[in-house]
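Breakdown of the fold
Below, each chain spelled out in residue letters.
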Amino acid sequence: MQADIQELAKELGLGLDLLGCIQCGKCTGGCPVSITTALNVRFLVYEALVDALPDLGGMEELWDCTCCFTCVERCPKDVRPAELIISLRSQLVESGKIPGTIGDALMSIFRQGNPLGFAREDRAAWAEGLGIKSAREGCEVLWFVGCVPSYDMRSQAVAKAAAKVFQAAGVDFGILGTEETCCGNEVRRVGEMGLFEMLVEEGKPLLESVGAPTMVTTSPHCFNTFKHEYNLEGMEVLHYTQFLARLIEEGKLTFSGKVERVVTYHDPCFLGKQNHVFDEPRAVLQAIPGVKFVEMDRIRERSLCCEGGGGRMWFEGTNTEERLAFQRVHEAAETGAEVLAVACPFCMSMLEDAVKVQGLEDRLKVMDILELVAEAM
Amino acid sequence: MASAKPAALVIGAGIAGIQAALDLADAGFPVYLVEREPSVGGRMSQLDKTFPTLDCSSCILTPKMVDVGQHPNIELMTYSEVVAVEGEVGSFHVTIKKKPRYVEEDLCKGCGACAEACRMHGRVIDTFNQGLGKRAAIYVPFPQAVPLVYTIDPNACIYLTRGVCGKTFKCKDACPADAINFDQKEQFVEVDVAAIIVATGFDLIDPRTKPEFGYGVYPNVLTGLEFERLSSASGPTAGKILLNGKEPKDVVFIHCVGSRDPHTGVPYCSRICCMYTAKHAHLVRDKLPDARITVFYIDMRAFGKGYEEFYDRVKHEGVIYRRGEPSEVFKRGDKLVVRADDTLLRRTVEVEADLVVLATAVVPRADTEAVARLLGLERTPDGFFKEAHPKHCPVESTRPGVFLAGCCQGPKDIPDTVAQGKAAAAAAMGVLHQAMGNG
Ligand SMILES: Cc1cc2nc3c(=O)[nH]c(=O)nc-3n(C[C@H](O)[C@H](O)[C@H](O)COP(=O)(O)OP(=O)(O)OC[C@H]3O[C@@H](n4cnc5c(N)ncnc54)[C@H](O)[C@@H]3O)c2cc1C
Ligand code: SF4
Ligand code: SF4
Ligand code: SF4
Ligand code: SF4
């Protein structure tokens, strides 16, 4: 077997277990990109095991993996196949053989603390005049805004909605402003382990120094890495849907308006499949007066990935024709929903694009749950 | 009972317990056979045909059921449970609770007039048919039941749940033998036995623990046991494979659902599902000659006598075996889609289906721990009862005088279950003989 790959994975802190594989195929059978691309993670596991991996540089499909971790969830033997892909990517990163757009994103994170190529100083520009205090002043809830909601125009609207909702619910919250730096969830998943370590080394003491008992993230990606990979002490990490569900249950978040629309919901992989947060987003949506909630067929554990994770925001993929997000928006439209609700900035971007490309704009609107909540306040 | 010899207790009257009880009784020992359901028969009574010979299950089981009901050396106690066991090998003192049937066993003729008349007729979920059909509140689980005595389901009967059922009891009025008696109470019977055989059988895992297969979401995703009822002449469709009144054109079988998977608590292979799936595929071919039949498997395990040959036969009947464990079932239009990595093609495929059958894992009975505590038994890490030694004491439990038979010790098919039932009976006879010498 390719002892070095197994060894390497161990060194990187990954739980990959090549020797446990029974070649059942559950990983690839559930892999969202296994039909549309050449990626077959089950076969890769076998090749790695018997030391027959081809030249990695030629395997562009390694970058197709969205790190949805469906394969990890479904594998009966805890092989953690996606972590083989991360290990292989880390080798490619080492040798500099990575897609240029991913390289640019990584460089931007290294220099400016965000993958989008914007200046660090502008990170909190969206928040000006909204009366949001600095977490440095002390707060009950540290809100980790995230890179995309900080800089991306569409997602800034979601961040503003969040601020409005938190304020209305009387939450004592603060943000880190220009000190906030990329969580590194995707950095780790594209295999840039050195940079990820650096982000944790600098980020962990910063986050802990706020002294807030709770951190709430806008993005499921930040939520995932903070919860599982930062080992934060004295701080509970929540995705905002969990936080809102809690506020609603405690009677702290109440609605005075209505959203009279038919709404369906797309489970983000990093929230649903990977962290089993299925009920809270639905509870929040169903608590909004006027919302008629409908489900798609592929939901919860069987949800279809939007292809936005694992570095795919910065890499088109080897198949640009058949996007899963295209399938997804059609499925949403078929339910009769007017709004496709999301809870992740990457899902927002992938699905909103798909709605445009598929010409569904007059039927279906993609909105974050936060925006729907804010609308009903 | 006719014999004055020391007695044995057999707990559970599936094929394992039935066989053990018959062998002991034929050897002249008195046997108390305790079964908690209203009838003997166990899982085997729910099966249609049996692999690899395709004998009809009830044709080979019913004569044995009738025998245990009539044997002069067997005291059959159905709808009963063991509640206390004291003493030790050679002299156990056992307390058995007889649950009230609200029907007098010696009066009921088994005619079923009560069930026809019952206000709940056709409204109670039929557990024997795995919920695929409906029955009355007063019922026999299946027509060949032994004893053929009706029982009132205390959770479904209007009178027993609400204290009143219309102006008059429809069941009582209909009964020609005046057998219905709502004054029946629980009874406790105490018996002395020298040896005990545990034959409590198995459960199947709830496939909802593998949500990716959509069981409970799609009505045309069934378990193997549900398929047995669908295919059985005594089942809800009289043996026709019909879903919502329609014959399926594309049928997909999925092996190893929940098995070989430490996450579901089933790290082991369930041993019977490769073969019963082959049998199911054959039954579909037999009843629906034009159906497209696909079986998805990880490894094909056909190790018993005549088993590989049966697998060969089924393949030649046009059943397509594809290697790869499906990962997802979803809907497209009015078809289900089964998505799998065909590991031989090295390509992910989507196979359409009108019926998906899941070969669910064999697991220990839900109350195994309670039974273990009652009898002072140990369990192996897989949850089944532990044998004294896996090689040379396979039917002895870790407690002297208590023996194990059938699937309560681990998953097995009928030939192995019957062999173990016979072995447990033989081993128990040693103890009984010794007790005879002492007494
Ligand atoms: C879908 C399916 C298809 C199958 N097809 C085949 C086939 O074709 N060929 C084949 O060889 N095998 C087949 N099998 C396997 C076969 O069903 C088993 O080998 C057999 O039923 C095991 O018998 P048993 O007596 O050990 O257990 P069971 O049949 O489970 O009987 C146990 C009995 O004990 C009773 N009991 C349980 N707990 C208590 C208690 N605490 N007190 C009193 N009574 C209790 C139960 O009510 C039950 O009556 C199939 C199994 C399944 C699930
Ligand atoms: S699901 Fe796990 S055991 Fe099965 S082929 Fe994939 S890695 Fe191997
Ligand atoms: S993480 Fe998702 S995309 Fe990547 S190999 Fe696994 S199933 Fe496929
Ligand atoms: S009392 Fe009523 S519900 Fe109960 S068995 Fe008789 S008729 Fe049926
Ligand atoms: S008998 Fe076959 S189907 Fe059943 S668990 Fe074992 S390998 Fe899987």
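Up top you'll find the structure we're talking about.
Okay, so let's go over this structure. (Residues numbered from 1 in each chain as written. Chains lettered and ligands numbered in written order. Predicted model: local features only at pLDDT ≥ 70, side-chain atom pairs only at ≥ 80, totals over all residues. Heavy atoms only, no water.)

Here we look at the overall build of chain B
Per the secondary structure count, chain B includes ten helices and 26 strands. Based on the C-alpha atoms only, the size of chain B along its principal axes is roughly 70 × 65 × 35 Å. Burial status across chain B gives 58% buried among its 439 residues. Within the structure as shown, chain B displays about 18200 Å² of accessible surface, and the carbon and sulfur contribution to it stands at 50%. One finds the centroid of the 51 positive side-chain charges in chain B at a distance of 5 Å from the centroid of its 54 negative side-chain charges. (Helix = DSSP H or I, 4+ residues; strand = E, 2+ residues; numbered from the N terminus. Buried < 20%, exposed > 50% of the residue type's maximum accessible area, 1.4 Å probe, protein only. Areas by Shrake-Rupley, 256 points an atom, 1.4 Å probe, with all protein chains shown as cover. Lys, Arg positive; Asp, Glu negative; His and termini not counted. Charge placed at Lys NZ, Arg CZ, Asp CG, Glu CD.)

Description of the packing of aromatic side chains
According to the stated counting rule, one finds 20 aromatic pairs over all chains in the structure shown. Each ring, one from B:F227 and one from B:F253, has its centre 6.0 Å from the other, and the planes form 80°; the classification is edge-to-face. In this pair, B:F227 is assigned in helix 6 (residues 224-231) and B:F253 in strand 16 (residues 250-257), connecting sequence segments 26 residues apart. Judged by its relative accessible area of 0%, B:F227 falls in the buried class. Here B:F253 falls in the buried class, since its relative accessible area comes to 1%. Three or more aromatic residues link up through ring pairs in this structure, and these residues are A:W126, A:W143, A:F166, A:F173 and A:F243. Taking NZ or CZ as reference, B:R135 lies 3.7 Å from the ring centre of B:Y139, over its face. (Phe/Tyr/Trp six-rings, centres within 6.5 Å; stacked < 30°, edge-to-face > 60°. Lys NZ or Arg CZ within 6 Å of the ring centre and 35° of its normal.)

Regarding the environment of B:P381
All names here are of chain B. Residue placement: P381 occurs in the loop between helix 9 (368-375) and strand 24 (387-389). By relative accessible area, which is 89% here, P381 ends up exposed. Taking C-alpha positions, P381 is 9.7 Å from P267, a pair spaced 114 residues apart along the chain.

Considerations on the site of ligand 2
Surrounding ligand 2, one finds A:C21, A:I22, A:Q23, A:C24, A:G25, A:K26, A:C27, A:R42, A:C75, A:P76, A:V79 and A:P81. Across the shell around ligand 2, the residue classes tally to eight nonpolar, two polar and two charged. (Near = heavy atom within 4 Å. Nonpolar A, V, L, I, M, F, W, Y, C, P; charged D, E, K, R; others polar.)

Points about helix 5 (residues 82-94) of chain A
The first and last C-alpha atoms of helix 5 of chain A sit 18 Å apart over 13 residues, in line with the 18 Å expected at 1.5 Å per residue. Most of helix 5 of chain A sits out of view: eleven of its 13 residues are buried. (Expected span 1.5 Å × (residues − 1).)

Here's the deal with helix 9 of chain B
Residue and element names in this part refer to chain B. Along helix 9, the positions that sit buried rather than exposed are T368, V371, A372 and L375. One face of helix 9 carries all of its buried residues, which in axial projection span an arc of 105°. Contacts from the buried residues of helix 9 go to strand 1 (8-11), strand 6 (80-88), strand 13 (195-198) and strand 23 (362-364). A positive backbone phi angle near 70° is found at G376, which sits one or two residues after helix 9. (Arc of directions from axis to C-beta. Contact = heavy atoms within 4.5 Å.)

Description of the site of ligand 1
Residues and elements named next belong to chain B. Taken together, 38 residues form the shell around ligand 1, and within it E35, R43, F51, K279 and K412 come nearest. Between ligand 1 and I15 there is a distance of 3.2 Å, counted from an oxygen atom to a backbone nitrogen or oxygen. Here an oxygen atom of ligand 1 and a side-chain polar atom of E35 are 2.6 Å apart. About the coverage of ligand 1: the protein hides 98% of its 1000 Å² of free accessible area. Looking at the shell around ligand 1, the elements with two or more residues in it are helix 1 (15-26), strand 3 (49-50), strand 14 (202-204), helix 6, helix 7 (273-287) and helix 10 (414-438). Each residue belonging to the shell around ligand 1 can be placed in one class, and the counts come to 18 nonpolar, nine polar and eleven charged. Both domains that meet at the shell around ligand 1, namely domain 1 (8-99 + 186-201 + 365-438) and domain 3 (205-362), each give it at least three residues. (Polar contact = N/O pair within 3.5 Å; in protein donor to acceptor, adjacent residues only side chain to side chain. Domains from an automatic or database assignment.)

Re the nonpolar core
Formed by 135 residues in total, the largest nonpolar core has its most connected members in A:W143, A:F226 and A:L244. Among all residues touching A:L244, those that are not within four sequence positions of it are A:V165, A:F166, A:L253, A:V284, A:L370 and A:V373. B:V266, B:Y297, B:Y321 and B:C407 belong to the second-largest nonpolar core, a separate cluster that totals 43 residues. (Core = buried A, V, L, I, M, F, W, Y, C linked by side-chain atoms within 4.5 Å.)

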